[in-house]
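Each chain, written out:
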Amino acid sequence: KAGVTQTPRYLIKTRGQQVTLSCSPISGHRSVSWYQQTPGQGLQFLFEYFSETQRNKGNFPGRFSGRQFSNSRSEMNVSTLELGDSALYLCASSLDGGNIQYFGAGTRLSVL
Amino acid sequence: AQSVTQPDIHITVSEGASLELRCNYSYGATPYLFWYVQSPGQGLQLLLKYFSGDTLVQGIKGFEAEFKRSQSSFNLRKPSVHWSDAAEYFCAVISSGSARQLTFGSGTQLTVLP
């Protein structure tokens, strides 16, 4: 069974641009969560989607948004990029009602 | 609010030596606890989990962890470290209920000397 797939693996953007990251969960998993990892703040929860609905949201500005499609694939979007958005963005999937989250390899975003 | 503390930022051990990584949590109810490992440039791999029952849990790669409610701790151990264990280790807790949000500790970087 394939794991969680995140694309692209690396992105370089400039301030003010927007970016879209993609996540394909493990087959059969309907919950997708996103996390941001930075050296200063560590791993922080962004949001969780289940059945195309945002079920939970972390403490991030509205520039960070996401969505989930009917096949459970998820995208997250960051608008008006700032230097501080440079981070590793991790996606995790889990079974409905499951507490175990399985992570993808992440997308490394660099904002110049 | 729940929180996780990993007091050791960096630990260095010799190959073949034993290892213990510390984790303390703050959570009102019985927590669901996890240890994840992250190699450079990679995502997080689940080592082991504790939900209930036996307080000593076994994981992959020869790791184990012990849940101690009285000390609010969930320390990770390995009897003999291999050079390939060098990585960053994260302890995490998940809230019960419908909000499947992991709260992570700040991580412990493990260096293994030959």
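Here is a short report on the structure shown in this document. Within each chain, residue numbers correspond to sequence positions counted from 1 in written order. The order in which chains are written sets their letters, starting at A; the order in which ligands are written sets their numbers, starting at 1. Given that this is a predicted model, residues contribute local features only at a pLDDT of at least 70 and side-chain atom pairs are listed and counted only at 80 or more, while totals for whole chains, interfaces and linings are drawn from all residues. Water and hydrogen atoms were dropped before computing side-chain values, which therefore reflect all heavy atoms in the structure.

## A look at the sheet that holds strand β3 (residues 19-24) of chain A
Residues and elements named next belong to chain A. Two strands qualify as a pair provided that DSSP identifies no fewer than 2 bridges between them. What counts as a helix is a DSSP run of H or I of at least four residues, what counts as a strand is a run of E of at least two, and both are numbered from the N terminus. In spatial order, the strands read β1-β3-β8-β7; together these 4 strands make up an open sheet with antiparallel pairing. Because the sheet does not close on itself, it has two edges, and the strands there are β1 (5-7) and β7 (64-68). Across the sheet, the mean angle separating the axes of adjacent strands is 20 degrees when strand polarity is ignored. As judged from the 5 bridges shared by β3 and strand β8 (residues 74-78), these two strands associate in the antiparallel manner. The partner of Ser22 across the bridge, within β8, is Glu75. To obtain each axis, a line is fitted to C-alpha atoms, and for helices this fit is confined to the stretch in contact; angles are then taken between N-to-C directions over 0 to 180 degrees.

## Side note on the environment of Thr80(A)
Mapped onto the fold, Thr80(A) is located in the loop between β8 and β9 (87-94). In this view, Thr80(A) contacts Gly16(A), Gln17(A), Gln18(A), Arg63(A) and Asp85(A); residues no more than four positions away in its chain are not counted. Working rule for contacts: check all heavy atoms of both residues, and any pair within 4.5 Å makes them a contact.

## Here's the deal with the environment of Leu46(B)
Within the secondary structure, Leu46(B) is located in strand β6 (residues 44-50). A sequence separation of 41 residues divides Leu46(B) from Thr5(B), and the C-alpha atoms of the two residues are 18 Å apart. Not counting residues within four places of it along the chain, the set of residues in contact with Leu46(B) comprises Ile100(A), Phe34(B), Trp35(B), Tyr36(B) and Ile60(B).

## Here we look at the pattern of salt bridges
Side chains that differ in sign of charge can pair as their charged atoms come close. Here a salt bridge means any side-chain nitrogen of Lys or Arg lying within 4 Å of a carboxyl oxygen belonging to Asp or Glu. Tallying each qualifying case throughout the model produces 9 salt bridges over all chains. As a salt-bridge pair, Arg63(A) and Asp85(A) come within 2.8 Å of each other at their nearest N and O atoms. Pair noted here: Arg63(A) is in the loop between β6 (53-57) and β7 and Asp85(A) is in the loop between β8 and β9, with a separation of 22 residues, a long-range link. Taking the shortest distance from any N to any O, the salt bridge between Glu66(B) and Arg77(B) comes out at 3.2 Å.

## As for the interface of chain B and chain A
In this assembly, 20 residues from chain B lie in contact with 19 residues from chain A. Take the accessible area each of two parts loses on contact, using a 1.4 Å probe, and add the two losses: that sum is the buried area. Approximately 1,700 Å² of surface area, both sides summed, lies buried where chain B meets chain A, with 55% of it carried by carbon and sulfur atoms. Run the count over chain B and chain A and you get 0 salt bridges. Listing elements by their share of the side of chain B that touches chain A, those giving two or more residues are β5 (32-38), β6, β10 (87-94) and β11 (102-104) of chain B. When residues in the side of chain B that touches chain A are grouped by element, the largest group, 4 residues, is from β5(B). Partitioned by chemical class, the residues of the side of chain B that touches chain A number 11 nonpolar, 7 polar and 2 charged. Residues are sorted three ways: Asp, Glu, Lys and Arg are charged, Ala, Val, Leu, Ile, Met, Phe, Trp, Tyr, Cys and Pro are nonpolar, and all the rest, Gly among them, are polar.

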